[in-house]
Amino acid sequence: MIDAAEAGAGTSAATFAWVNSNNKTPVEYADLNLLGLQAHERAARAADHGGDRWFHQIGTVQIAQTDDEMLAIERKVEKLIANGYEAQLLTPDKVRESEPALSLDRLAGGALYPKEGWIDVQTMCMTLIGRAIEAGTTFAPYETVTDIQATRVTTITKDGSTRHHDGDVVILAAGNGSKRILAAGGMDFPTLDPAVHGVQAGTENTGIGIISTTGPINSGIRHLVRASGIAMRPARNGGITFADHPTGGKWDLGDPRIWTVPALLLERARELYPVLKDTATENVSLGIRVLPEDGLTIADWVTENKSIYAVATHSGVTLSAHLAGAVAEEVLTGNRHQSLNTFSLSRFATT
Ligand SMILES: Cc1cc2nc3c(=O)[nH]c(=O)nc-3n(C[C@H](O)[C@H](O)[C@H](O)COP(=O)(O)OP(=O)(O)OC[C@H]3O[C@@H](n4cnc5c(N)ncnc54)[C@H](O)[C@@H]3O)c2cc1C
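Every chain is numbered independently, its residues counted from 1 as its sequence is written. The model is predicted, so local features are restricted to residues of pLDDT at least 70 and side-chain atom pairs to those at 80 or more, both for listing and for counting; the totals for chains, interfaces and linings are taken over all residues. Neither water nor hydrogens contribute to the side-chain values; these are computed over all heavy atoms in the structure.

### Topic: the overall build of the protein
Put simply, the rule reads: The numbering of helices and of strands both runs from the N terminus, where a helix is a DSSP run of H or I of at least 4 residues and a strand a run of E of at least 2. To get the radius of gyration, use the C-alpha atoms; to get the globule rule, take the number of residues to the power 0.38 and multiply by 2.2 Å. The contact criterion used throughout is that any non-hydrogen atoms of two residues lie within 4.5 Å. Computed with a 1.4 Å probe, the accessible areas rest on the Shrake-Rupley method; for each residue, only the protein chains presented here act as cover. Charge counting treats Lys and Arg as positive and Asp and Glu as negative, with His and both chain ends excluded. Taken as the charge location is NZ of Lys, CZ of Arg, CG of Asp or CD of Glu.
Summing up its helical and strand segments, the protein has 7 helices and 17 strands in all. In terms of overall dimensions, the protein is globule-like: its C-alpha atoms have a radius of gyration of 21 Å, near the 20 Å expected for 351 residues. In the protein, once contacts between residues fewer than 6 apart in sequence are set aside, the share between residues at least 24 apart is 67%. Surface exposure of the protein reaches about 16900 Å², of which carbon and sulfur atoms provide 51%. Looking at the protein, you have 30 positive and 41 negative side-chain charges, and the mean spots of the two groups are 3 Å apart.

Given below as structure tokens:
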């Protein structure tokens, strides 16, 4: 394993890490995300090593403050239940019972998605790397891949020297780095270039997301909570992590106005949970989404002779536990998991 930084760097270091298949389209992508959720659930319950401890399956409570918002939730819940996804509507009283620290005069109701939760990504990555090393993997952190030719990977090491690694097969899972690496070998890879798409194209920068975390606080927030203009959940430092303010994608990474978003998120959170008035934002991460051109997942061989396999996806935290098994199976046995059929490269017109 080679990484230009530490395990769990890149976009995974700036993610909201909500494990869900809530409102995903098309149906094949919703199914793939459900498989991800279920794979995390199985790993958390696995008896052989006491259960993986990074999936916090606390359920999501979605809050409606207006009748229109409640109507939209009712429609969604109906659809999710029809597709076999666990979801239930909540009356305003039930919302208050589920989230006793919530303080709102106007509450129209909500919904509970009991199987959802969040991943402590750092603990997951560090533990899995540790297990892989124990099982014989060599891990080369802080080594940057500059090119892949056939199954020869060329890197620049920490001291600036060039190194080559030869293998039977290369699995490329370098997030936004994959496009650059393949371009060096003359290959086009259909993910959006984070340096190009976004505000400068005159649109909202859907590629950028802002995650902020408060200092430790006994907030009484019990679930992952979503309401208009915010999503929040417990954080690994004992604080609360926020995402999804509507202004989040409004500015480019280099625009100083982007730094107004964490304060707006905290302000919005305090409207819902007044107990948060006693805390401040301690940590902000700017994340660049890994976005295949159609917003879905890529899991496929890049080369016809099956020397390089690539995985690139949004929702990668949810999907990770399923993709890990499915991709390993395909690379080792040649059997492609049926859940990946929609996510091959052939759907793009690439060279
Ligand atoms: C704001 C935000 C919120 C999100 N919320 C959610 C969510 O709630 N739920 C969810 O499931 N998903 C969410 N996502 C998406 C999810 O975080 C990503 O899909 C996932 O982190 C991608 O992981 P990855 O391993 O593919 O890429 P990355 O995490 O970017 O990892 C790529 C790795 O490759 C390494 N690398 C890159 N280039 C090179 C190179 N040249 N040589 C060597 N190594 C290299 C990097 O150092 C890094 O360690 C969110 C993303 C953002 C930005």
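### Let's talk about helix 1 (residues 27-45)
Which entries qualify depends on this criterion: A helix is expected to span 1.5 Å multiplied by its residue count minus one. A 1.4 Å probe rolled over the protein chains alone gives each residue an accessible area, and that area as a share of the maximum for its type sets the label: buried under 20%, exposed over 50%, partly exposed in between.
A rise of 1.5 Å per residue sets the reference length of helix 1, with its 19 residues, at 27 Å; its end C-alpha atoms lie 27 Å apart and thus fit the reference within 8%. Buried within helix 1 are the following residues: Tyr-29, Ala-30, Leu-32, Asn-33, Gly-36, Leu-37, Ala-39, His-40 and Glu-41. The elements touched by buried residues of helix 1 are strand 1 (18-19), strand 2 (55-56), strand 6 (117-119), helix 4 (121-134) and helix 7 (316-333).

### Focus: the domain arrangement of the protein
Note the cut-off: Each domain's extent is set by a domain assignment, obtained either automatically or from a database. Here the quantity called buried area is the accessible surface, traced with a 1.4 Å probe, that two parts lose on coming together, added over both. Any carboxyl oxygen of Asp or Glu that lies within 4 Å of a side-chain nitrogen of Lys or Arg is treated as forming a salt bridge with it. We define a polar contact as two N or O atoms separated by no more than 3.5 Å, with the added condition that, inside protein, one atom must be a possible hydrogen donor and the other a possible acceptor, whereas residues neighbouring each other in sequence contribute only through side-chain atom pairs.
The domains assigned to the protein are domain 1 (16-121) and domain 2 (199-288). Between the C-alpha centres of domain 1 and domain 2 there is a distance of 19 Å. Domain 1 puts 23 residues into the contact, and the matching count from domain 2 is 25 residues. Each partner contributes to the roughly 2000 Å² buried at the junction of domain 1 and domain 2, and carbon and sulfur atoms together form 60% of this total. The three residues of domain 1 that bury the most area against domain 2 are Phe-16, Glu-99 and Trp-118, which together make up 33% of that side's buried surface. In this structure, the connection of domain 1 to domain 2 is made through 1 salt bridge. A salt bridge links Asp-120 to Arg-236; the shortest N-O distance between them is 2.8 Å. For the pair domain 1 and domain 2, the interface holds 11 residue pairs in polar contact (both at pLDDT 80 or more).

### Thoughts on the packing of helix 1 against helix 7
Cut-off, in case you're wondering: Helix axes use the C-alpha atoms of the stretch in contact, all axes being lines fitted to C-alpha atoms, and the angles between their N-to-C directions lie in the range 0 to 180 degrees. For classification, angles of less than 35 degrees are called roughly parallel, those exceeding 145 degrees roughly antiparallel, those between 65 and 115 degrees roughly perpendicular, and all remaining angles oblique. Residue polarity follows a fixed list, in which Ala, Val, Leu, Ile, Met, Phe, Trp, Tyr, Cys and Pro are nonpolar, Asp, Glu, Lys and Arg are charged, and the others, Gly among them, are polar.
The geometry of helix 1 relative to helix 7 is characterised by a closest axis approach of 7 Å and an angle of 70° between their N-to-C directions. As the angle between them shows, helix 1 and helix 7 are arranged roughly perpendicular. Residues Tyr-29, Leu-32, Asn-33, Leu-35, Gly-36, Leu-37, Ala-39 and His-40 of helix 1 form the contact with helix 7, whose participating residues are Val-317, Thr-318, Leu-319, Ser-320, Ala-321 and His-322. Class assignment of the residues belonging to the contact of helix 1 with helix 7 gives a composition of 8 nonpolar, 6 polar and no charged.

### Comments concerning the site of the ligand
Spelled out, the test is: Being near a molecule or strand, for a residue, comes down to having at least one heavy atom within 4 Å of it.
Around the ligand, a shell composed of 32 residues is seen, among which Asp-3, Ser-12, Val-145, Thr-313 and Gly-316 lie nearest. Contact distances for the ligand include 2.8 Å between an oxygen atom and a backbone N or O atom of Thr-11. The contact in question runs from an oxygen atom of the ligand to an N or O atom on the backbone of Gly-316, over 2.8 Å. Bound to the protein, the ligand loses 87% of the 1000 Å² it would expose on its own. Elements with a contribution of two residues or more to the shell around the ligand: strand 7 (144-149), helix 5 (177-184), strand 11 (208-214), strand 15 (281-288) and helix 7. No other element matches helix 7, which puts 3 residues into the shell around the ligand. Tallied by class, residues from the shell around the ligand come to 14 nonpolar, 14 polar and 4 charged. When we break the shell around the ligand down by domain, the ones giving at least three residues each are domain 1 (16-121) and domain 2 (199-288).

### What about the side chain of His-322?
With respect to the helices, strands and loops of the structure, His-322 is situated in helix 7. Judged by its relative accessible area of 8%, His-322 is buried. In this structure His-322 touches Leu-32, Leu-35, Gly-36, Ala-39, His-337 and Ser-339, once residues within four positions along its chain are discounted.

### Concerning the nonpolar core
Where we set the bar: The term nonpolar core refers to a set of buried residues drawn from Ala, Val, Leu, Ile, Met, Phe, Trp, Tyr and Cys, joined through side-chain atoms within 4.5 Å.
Ile-63, Met-232 and Phe-242 are the most contacted members of the largest nonpolar core, which totals 27 residues. Per-element tally for this core: the top contributor is helix 6 (residues 261-272), with 5 residues. Split by domain, the residues of this core number at least three in each of domain 1 (16-121) and domain 2 (199-288). In this structure, Val-19, Tyr-113, Cys-125 and Phe-139 belong to the second largest nonpolar core, which totals 23 residues.

### Overview of the environment of Gly-287
Relative to the assigned elements, Gly-287 resides in strand 15. Assessed through its relative accessible area of 4%, Gly-287 is described here as buried. Put simply, Gly-287 and Gly-10 are 277 residues apart on the chain and 8.0 Å apart in space, counted from C-alpha to C-alpha. Gly-287 has contacts with Ala-14, Gly-207, Ile-208 and Gly-209, leaving out every residue within four places of it along the chain.

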